[in-house]
Amino acid sequence: MGQANCCCGSREALAEAEAVLSADVRLSRGRKRSERRLLLLQEELVIAKLLPAAAQAPGQAGSGCSRRLFGQPLAALCGEDATLPQPIQELLAVLQREGPATEGIFRRAASGTSLRQLREALDRGAEVELGSQPALLLAVLLKDFLRSIPDKLLGSHLYEEWTAALEKSSREEKVEELKAVAHKLPAANLVLLKRLLCLLRHIGHNAATSRMSCSNLAICVGPNLLSPPEEDLLPLEAMLEVTQKVKVLVEFLLENAGEIFGEETAGLSPPAAEESPAPAERCREEPKVPDEAGGDALVQSGTAEDDPW
């Protein structure tokens, strides 16, 4: 079949090459996943990183986006005014409404076929009624979108600064350092981050029905928000340490969203008083979620029944 090489050339050169056969695949190494494109170029099999989505598809009319939705920098999707794409706004709104009452939201898996079809429809710009979709599927779709953002929502280039901020001795110092790092994010990233934190806090404050505390949500959503540069080259032990650091960071952001991002973040679409087991400013005092045996359940992702992402 010919020689198997890793494509190290320019994207332009790859785009100009005439492929006999092309297929997008997901590669796995332990718990790490990455997307690649397999191209059969005459006698040569090339494994290449996917081309930017903007170069792969024309504009979208139905979804309100000018290009494909997944795999692009938020700044390219949102424009100069940092307005989130209409499908993402609708997705967040539906999850804000349905998420608190959905048990295991962001932890439980959804149909892989349904996810792929929904993602492809949004990337084509098809009209999709997200409000009619299961909340569990929409939660997995949101994680898929977050995971596809180049450089991640929190910015892989800021990984060291995020984690260094958490090493400060006092809570007040941590808050101030995290404020400074957040201000380095692109405007569109900051807008989506605030909306996402509001959504997760809302779900965490309704742990009695969602069975997802803010700590659980940080475990399940955090890995999609931040990773170090060149994460694919890290050994397993280092990745486990990264996962723990990101979990702690996201949980701290949830607990202190008002102080770090402004009171409007903590106050956007807050849960009703009778639904919230903790004050709106705090997420850490969520009641522990009992498991069926009467103990405290430790929510983990990556099991056979749960979403591995």
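Residues numbered from 1 in each chain as written. Predicted model: local features only at pLDDT ≥ 70, side-chain atom pairs only at ≥ 80, totals over all residues. Heavy atoms only, no water.

A few words on the overall build of the chain. When its secondary structure is counted, the chain shows 13 helices and four strands. The burial tally for the chain puts 46% of its 309 residues in the buried class. For the chain, contacts bridging at least 24 residues in sequence account for 68% of all contacts bridging at least 6. Of the roughly 15,400 Å² that the chain leaves accessible, carbon and sulfur atoms contribute 52%. (Helix = DSSP H or I, 4+ residues; strand = E, 2+ residues; numbered from the N terminus. Buried < 20%, exposed > 50% of the residue type's maximum accessible area, 1.4 Å probe, protein only. Contact = heavy atoms within 4.5 Å. Areas by Shrake-Rupley, 256 points an atom, 1.4 Å probe, with all protein chains shown as cover.)

Counted under the stated rule, the structure contains eleven salt bridges. Residues Arg 68 and Asp 123 are paired through a salt bridge, measuring 3.1 Å at the closest nitrogen-oxygen approach. Placement of the pair is Arg 68 in the loop between β4 (44-49) and α2 (74-78) and Asp 123 in helix α4 (residues 112-124), with a sequence separation of 55 residues. Between Glu 241 and Lys 245 there is a salt bridge whose closest N-O contact spans 3.4 Å. Separated by four residues within a single helix, Glu 241 and Lys 245 lie in helix α11 (residues 236-255), roughly one turn from each other. Judged by relative accessible area, Lys 245 falls into the partly exposed class, the value being 31%. (Salt bridge = Lys/Arg side-chain N within 4 Å of Asp/Glu carboxyl O.)

So, on to the packing of aromatic side chains. In total, this model carries one aromatic pair according to the counting rule given. With centroids separated by 5.7 Å and ring planes inclined at 80°, the aromatic side chains of Phe 70 and Phe 145 adopt a geometry described as edge-to-face. In this pair, Phe 70 sits in the loop between β4 and α2 while Phe 145 sits in helix α5 (residues 135-148), placing the two residues 75 residues apart along the sequence. For Phe 70, a relative accessible area of 2% translates into the label buried. (Phe/Tyr/Trp six-rings, centres within 6.5 Å; stacked < 30°, edge-to-face > 60°.)

Further remarks concern the environment of Phe 261. Relative to the assigned elements, Phe 261 resides in helix α12 (residues 257-261). Phe 261 gets classed as buried once you look at its relative accessible area, which sits at 6%. Separated by 83 residues in the primary sequence, Phe 261 and Leu 178 place their C-alpha atoms 9.3 Å from one another. The contacts of Phe 261, once residues within four sequence positions are left out, are Ala 182, Leu 190, Leu 193, Lys 194, Leu 197 and Leu 253.

Glancing now at the packing of helix α10 (residues 214-221) against α11. Look at α10 against α11: their axes get within 8 Å of each other, and the N-to-C directions meet at 135°. Between α10 and α11, the angle is such that the two are oblique. Judged by the twist between their axes, the crossing of α10 over α11 is right-handed. Between α10, through Cys 214, Ser 215, Ala 218 and Ile 219, and α11, the contact on the second element is made entirely by Lys 247, Val 250, Glu 251 and Leu 254. Residues of the contact of α10 with α11, tallied by class, amount to five nonpolar, one polar and two charged. (Axes fitted to C-alpha atoms, helices over the stretch in contact; angles between N-to-C directions. Parallel < 35°, antiparallel > 145°, perpendicular 65-115°, else oblique. Left-handed = near helix turned anticlockwise from the far one by under 90°. Nonpolar A, V, L, I, M, F, W, Y, C, P; charged D, E, K, R; others polar.)

Across the interface, helix α3 (residues 86-98) lies against helix α8 (residues 187-204) with an axial gap of 10 Å and an inter-helix angle of 15°. Here α3 lies roughly parallel to α8, going by the angle between them. Where α3 crosses over α8, the handedness of that crossing is left-handed. The segment α3 lies against α8, with Ile 88, Gln 89, Leu 92, Leu 95 and Gln 96 engaging Leu 192, Arg 195, Cys 198, Leu 199 and His 202. Across the contact of α3 with α8, the residue classes break down as six nonpolar, three polar and one charged.

A word on α10. Burial of α10 is extensive: six of the eight residues sit out of reach of the surface. Residues of α10 that are buried: Cys 214, Asn 216, Leu 217, Ala 218, Cys 220 and Val 221. On the buried face of α10, the contacting elements are α5, α8 and α11.

Another aspect to go through is unusual backbone geometry. Unusually for a residue other than glycine, Phe 106 sits at a positive phi of about 75°. The topology assignment puts Phe 106 in the loop between α3 and α4. Of note, Asp 151 is a non-glycine position whose phi angle comes to about 70°, a positive value. Relative to the assigned elements, Asp 151 resides in the loop between α5 and α6 (159-165).

Turning to the environment of Leu 225, a few remarks are in order. The residue Leu 225 is located in the loop between α10 and α11 in this model. Separated by 21 residues in sequence, Leu 225 and Val 246 place their C-alpha atoms 8.3 Å apart. Not counting residues within four places of it along the chain, the set of residues in contact with Leu 225 comprises Leu 146, Lys 152, Leu 153, Leu 154, Leu 196 and Val 250.

So, on to the confidence of the model for the chain. With 64% of its residues at a pLDDT of 70 or more, the chain has an overall mean of 77. Segment residues 1-17 is flagged for pLDDT under 50; beyond a separation of four residues in sequence, or across chains, it makes 24 contacts in the model. Predicted confidence is poor over residues 285-309, with pLDDT under 50, and the contacts of this stretch with residues over four places away or in other chains come to 53 contacts. (pLDDT = per-residue confidence, 0-100.)

Before going further, it helps to spend a moment on α5. Between its terminal C-alpha atoms α5 stretches 20 Å, which fits the 20 Å expected from 14 residues at 1.5 Å a residue. In terms of residue burial, α5 counts as a mostly covered element, since 13 of its 14 residues are buried. (Expected span 1.5 Å × (residues − 1).)

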